[in-house]
Amino acid sequence: MQRSILWVFIAFLAVSCNQTAKQEGDNQEASKTEQIVSATIVELLAAPADYQDKEVAVSGMVTHVCRHGGQKCFIVADDGETQIRIVPGGDIDEFKIEMEGSTVAFKGIFRILIPEVAAEHVEDHESKEHHVVEQSHSSAEKAEYFVEAVDFKEVSE
Amino acid sequence: MNWRKWNRWIHRELGFLFFGMTIIYGISGIALNHSVARHWNPGFISKAISIQYPDTLQKADVDRATIEKILVLTGEKANYKQYYFPDQDHLMIYLKGGHITVNMPTGKIQLTKIRNRPVFRELNYLHYNKPKKLWTWFSDLYAFGLILIAISGLFLIKGKKGISGRGGILTIIGVLIPLVLLIFYLWL
């Protein structure tokens, strides 16, 4: 009898702990959702420090996907000129070339490279043979700002 | 059974078992080497053709009707996605499976069709361990097997042609070549 009561008590504890954990998880998820900042590309680049290391939602037409492994892509703002670099993060392995010309909504972390790393990044970029010709996304490719995408969805083809 | 018989057994059985894997990694290795060297892209086949637009164009004049006309000229109406202007002189029209670049001052249209390169794309997918999960385990097993194949190979033959003779010299050469190239490219 005593053993049965003990098992019921343990089972109750396990269920309530699980509930608490689930509620905490839900709360964390809710607060995480609140932290995602929706911004346009122009807004991001106008005040980068405000968005640094924050989770942002940004969308635009994909103008270019890197042909060498799909490790970066570029989206253009509504002004048709300003572009930003998106790199894969989280579970994203690569961006597919088929994304070019599609409007894509990205969720990710807005990053700013520290000056030393940014200088190395530019040097590395300019040393690559296929980067000799300046293209419309070249300044976004060399920029210290980028979004490390954790999720994306094609909004239109 | 003495150790040489075991050694031959390991070399032979692993050689059979991992034949397919060696071909996969060998072919994709060559492809990736040349991809790194930027000779060609193992993932895609890209073909471009040039067409002349009957007139020159200006950014301000380009509208949906202009885009339609270019799409009809190139036969890509069904594949249209979106367009934008990379700079003042160029118009880029995105298509399913490619894009059209228009040099507006000259009216020169370049239609580029892009498709996945068969075989190499799949081999690279495996080489880069894109599938992850079970493939990671099997390719790790292969890597370990390859080490065993290499070590057991050293001791297949006894005597002058073995590791104590000509085989040993070839082994040293094979170790020295990557070492010398590494020193040359990395530290000199």
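The rules behind each value
Residues numbered from 1 in each chain as written. Chains lettered and ligands numbered in written order. Predicted model: local features only at pLDDT ≥ 70, side-chain atom pairs only at ≥ 80, totals over all residues. Domains from an automatic or database assignment. Core = buried A, V, L, I, M, F, W, Y, C linked by C-beta atoms within 7 Å. Buried ≥ 20, exposed ≤ 12 C-beta atoms within 10 Å, placed from the backbone. Helix = DSSP H or I, 4+ residues; strand = E, 2+ residues; numbered from the N terminus. Contact = placed C-beta atoms within 7 Å. Arc of directions from axis to C-beta.

### With respect to the domain arrangement of chain B
By a widely used convention, the size of an interface equals the accessible area lost when the partners come together.
Line of reasoning, step 1. Split into domains, chain B comes out as domain 1 (3-41 + 119-156) and domain 2 (44-116).
Line of reasoning, step 2. If you average the C-alpha positions of domain 1 of chain B and of domain 2 of chain B, the two centres end up 43 Å apart.

### Observations regarding the nonpolar core
Line of reasoning, step 1. Of all hydrophobic cores here, the largest spans 25 residues; its most connected members are Leu44(A), Val62(A), Ile75(A), Ile84(A), Ile86(A), Phe106(A) and Val147(A).
Line of reasoning, step 2. Of all the secondary-structure elements, those providing two or more residues to this core are α2 (41-46), β2 (55-65), β3 (73-76), β4 (83-88), β5 (103-112) and β6 (145-156) of chain A.
Line of reasoning, step 3. Setting aside its immediate chain neighbours within four residues, Ile84(A) contacts Ile41(A), Leu44(A), Leu45(A), Phe74(A), Ile75(A), Ala140(A), Tyr145(A), Phe146(A) and Val147(A).
Line of reasoning, step 4. Within the second largest apolar cluster, eleven residues are counted, among which are Tyr83(B), Ile100(B), Val102(B) and Leu111(B).

### A look at helix α4 (residues 120-127) of chain B
All names here are of chain B.
Line of reasoning, step 1. Regarding α4, the residues found buried are Phe 120, Leu 123 and Asn 124. What you see down the axis of α4 is that its buried residues fit within an arc of 100°, all on one side.
Line of reasoning, step 2. Where α4 ends, the next residue or the one after it, Asn 129, has phi of about 55°, a positive value.

### Some details on unusual backbone geometry
Residue and element names in this part refer to chain B.
Line of reasoning, step 1. Positive phi values are uncommon outside glycine, yet Val 119 reaches one of about 70°.
Line of reasoning, step 2. As for its position among the elements, Val 119 is in the loop between β5 (108-116) and α4.
Line of reasoning, step 3. Judged by the 11 C-beta atoms lying within 10 Å of it, Val 119 falls in the exposed class.
Line of reasoning, step 4. Despite not being glycine, Lys 133 shows a phi value in the positive range, around 45°.
Line of reasoning, step 5. Mapped onto the fold, Lys 133 is located in helix α5 (residues 133-154).
Line of reasoning, step 6. A tally of 8 C-beta atoms within 10 Å means that Lys 133 is categorised as exposed.

### Examining the interface of chain B and chain A
Line of reasoning, step 1. In this assembly, 15 residues from chain B lie in contact with 16 residues from chain A.
Line of reasoning, step 2. When residues of the side of chain B that touches chain A are traced back to their parent elements, those giving at least two are β2 (80-87) and β3 (90-95) of chain B.
Line of reasoning, step 3. With six residues, β2(B) is the largest single contributor of residues to the side of chain B that touches chain A.

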